[in-house]
Every structure is written in C-alpha cells, then in structure tokens.
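Residue-level structure breakdown
Residue-level listing of the chains:
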Amino acid sequence: MKKVCVLLAEGFEEVEALTAVDLLRRAQIYVDTVSIEEGYGVSGAHGILVQTEDLFQEVDFSLFDMIVLPGGMPGTRNLEMHKGVKQVINEYNNNNKLIAAICAAPTILGKMGLLKGRKATCYPGMEEELHGAVVSSDSVCVDGNIITSRGVGTAIDFALRLIAILVNEEKAGEIADAIVY
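The notes below deal with the structure included here. In this text, all values refer to a predicted model and were calculated from it rather than measured experimentally.

1. Things to note about the overall build of the chain
In terms of regular secondary structure, the chain is built from six helices and 11 strands. Relative to the compact-globule value of 16 Å for 181 residues, the chain shows a C-alpha radius of gyration of 15 Å, a close match. Projected onto the principal axes, the alpha-carbon positions of the chain cover approximately 35 × 35 × 35 Å. Each of the 181 residues in the chain was classed as buried or not, and the buried ones make up 53%. Intrachain contacts of the chain at a sequence separation of at least 6 include 63% that bridge at least 24 residues. Total accessible area on the chain is roughly 7900 Å²; 49% of this is exposed by carbon and sulfur atoms. Put simply, the chain has 15 plus and 25 minus side-chain charges, and the middle of one group is 6 Å from the middle of the other.

As structure tokens, then:
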C-alpha cells in the first residue's frame, strides 16, 4: 500500500490539505496527517482546527512514498521556516521520492533550488519565487518527482493527479466518477 504524509502548519489552506487527504483515502492510499507544531491540533488559514495523527518528530519519513505540502498563509511560511521540513524535502528529492506542493507551497521548493529547469506552477502572483522554474499556468504540473498545483480551485485536479501517480489513471477516474467530478 502506498503511503503519503501531509504536513500541516498553522495557517495551512484547509481545502488544499483536506481534499488531498480525503481523495487519497478514498483511493485506499494510506495518509498520515502530521503537525509541525507543538501539538496535534493545527488551525488552518480560515480557523478550522484539524486534529493530526502524528507530530513531526514522531514520524519516520523514510516509510512514506510521498510528502504533500499544502499552501495557505501563513502556513506556507511556517513550513518554510521549519528546519526539519526542509531536511525531509531534501532527503526526498535526493532519493527521487515524490514531493507534491500546491498554491504558495511550491515557492518553498523554488527557494530551495529544487525547481531549476523544471516545469512548475503555483498561486498566481508568486511565480517569481519559483527560482529557475519553467513556469506554467497549468492546473497541475508534474516534472520528475515534483508535482505542483495552483490553489484551492485546482485541489481536486491535484489530488486526482496524485492518485494517478501513486496508483494509476483508472483509480483516479474511479474516484473522479465517485465524487461526480
């Protein structure tokens, strides 16, 4: 069974994070929500409190096939300032493991130098923070092990693409049909 870790920081975009969690679980993919904060409860950008399964320091990230970085503000900046998050991103990239980021979160990858020469997208107006990327306005971009998406309005497309990558296109189609997409 494929395993995905969704990292949550104070101020994350709820729709982006929870759409991925929900649709991936519908596809029978194991999803662990992980708080980078001191406690299990993490408040989103719009005040929705989410109870995570684990704290960052409790997780063995080597057991996962993919990490997901939701956007939102100040959630993206909080992820970016967390040294452990950057370490995990670097380890995943060095091992060609899947890294998925949506909305403002692809800017973290850009600032880390991971998007140079890669096709990527992000929330409109933040493209200059994708440092060296081949910037696209596609709703979802896949370039090697990195998947990026634009924002709340592309959250379903993003989650379905993650399913297609982790399982296959047929499963993504089944989930799209099941949610009447």
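From this point, the narrative continues.
2. Considering the packing of aromatic side chains
Within the structure shown, the criterion is met by two aromatic pairs. Arranged with centres 4.8 Å apart and planes meeting at 40°, the rings of F56 and F61 form a pair that is tilted. F61 carries the same exposure label as F56, and that label is buried. When the ring centre of Y30 is taken as origin, the NZ or CZ atom of K3, which lies over that ring, is 5.7 Å away. For K97, the ring lying beneath its charged end belongs to Y92, and the centroid distance is 4.7 Å.

3. Notes on the nonpolar core
If you look at the biggest cluster of nonpolar residues, it comprises 33 residues, and the most contacted ones within it are V4, L24, M66 and I163. Listing elements by their share of this core, those giving two or more residues are β1 (3–8), α1 (14–26), β6 (66–69), β7 (98–102), α5 (155–166) and α6 (169–178). If one sorts the elements of this core by residue count, α5 sits on top with eight residues. If we ignore the near neighbours within four places in the chain, the residues touching L24 are V4, I29, V31, A159, L162, I163 and L166. Counting 30 residues, the second largest nonpolar core, distinct from the first, contains V34, L69, V88 and A133.

4. Comments concerning the state of the cysteines
Evaluated as defined, the whole model comprises zero disulfides. Here C5 stays free of any disulfide, with the sulfur of C103 as its closest cysteine sulfur at 19 Å. With a relative accessible area of 0%, C5 lands in the buried category. Here C103 is not disulfide-linked; the sulfur of C122 is the nearest cysteine sulfur, at 8.4 Å.

5. Description of the packing of α1 against α5
Where α1 meets α5, the axes come as close as 9 Å, and the angle between the chain directions of the two elements is 40°. The orientation of α1 relative to α5 falls into the category oblique. The interaxial crossing formed by α1 with α5 has right-handed handedness. For the pair α1 and α5, contact is made by V15, E16, T19, A20, L23 and L24 and by A155, I156, A159, L160, L162, I163 and L166, respectively. Split into classes, the residues belonging to the contact of α1 with α5 amount to 11 nonpolar, one polar and one charged.

6. A closer look at the side chain of S149
Note that S149 resides in strand β11 (residues 146–149). At 2.7 Å, the side chain of S149 and the backbone oxygen of S139 are in polar contact. Among the polar contacts listed, one links the side chain of S149 to the side chain of T154, at a separation of 2.7 Å. S149 has contacts with A101, I102, C103, P106, T121, C122, S139, V140, T154 and F158, leaving out every residue within four places of it along the chain.

What counts and how
- For every chain, the first residue of the written sequence is number 1, and numbering continues from 1 along that sequence.
- Totals for whole chains, interfaces and linings use every residue, but because this is a predicted model, local features are given only for residues with pLDDT of at least 70 and side-chain atom pairs only at 80 or more, for both listing and counting.
- Water and hydrogen atoms play no part in the side-chain values, which are based on all heavy atoms of the structure.
- A run of H or I in DSSP becomes a helix once it reaches four residues, and a run of E becomes a strand once it reaches two; helices and strands are each numbered from the N terminus.
- As defined in this context, the radius of gyration uses C-alpha atoms, and a globule is described by 2.2 Å times the residue total to the power 0.38.
- Think of it in three bands: with a 1.4 Å probe and only protein chains considered, a residue is buried below 20% of the maximum accessible area for its type, exposed above 50%, and partly exposed in between.
- Any pair of residues with heavy atoms lying within 4.5 Å of one another is described as a contacting pair.
- Each accessible area is a Shrake-Rupley result for a 1.4 Å probe, and residues are judged covered by the shown protein chains and nothing else.
- Charge assignment in this entry is limited to Lys and Arg as positive and Asp and Glu as negative, and neither His nor the chain termini are counted.
- Positions of charges follow a simple convention, taking NZ of Lys, CZ of Arg, CG of Asp or CD of Glu.
- Between rings of Phe, Tyr and Trp, where Trp is taken as its six-membered ring, a pair exists when centres lie within 6.5 Å; planes separated by under 30 degrees are stacked, by over 60 edge-to-face, and by other angles tilted.
- Whether a charge sits over a ring comes down to the Lys NZ or Arg CZ being within 6 Å of the ring centre and within 35 degrees of the ring normal.
- Throughout, nonpolar core names a set of buried Ala, Val, Leu, Ile, Met, Phe, Trp, Tyr and Cys residues whose side chains join them through atoms within 4.5 Å.
- Disulfides are defined as cysteine sulfur pairs within 2.5 Å.
- Every axis corresponds to a line fitted to the C-alpha atoms, with the helix fit spanning only the stretch in contact, and the corresponding angles, defined between N-to-C directions, vary from 0 to 180 degrees.
- Should an angle fall under 35 degrees it is taken as roughly parallel, and over 145 as roughly antiparallel, whereas 65 to 115 is taken as roughly perpendicular and any remaining angle as oblique.
- A clockwise turn of the near helix away from the far one marks a right-handed crossing, whereas an anticlockwise turn of less than a right angle marks a left-handed crossing.
- Basically, the charged four are Asp, Glu, Lys and Arg, the nonpolar ten are Ala, Val, Leu, Ile, Met, Phe, Trp, Tyr, Cys and Pro, and anything else, Gly included, counts as polar.
- Two N or O atoms count as a polar contact when they lie within 3.5 Å, although within protein this holds only if one can serve as hydrogen donor and the other as acceptor, and sequence-adjacent residues are included solely when both atoms are side-chain atoms.

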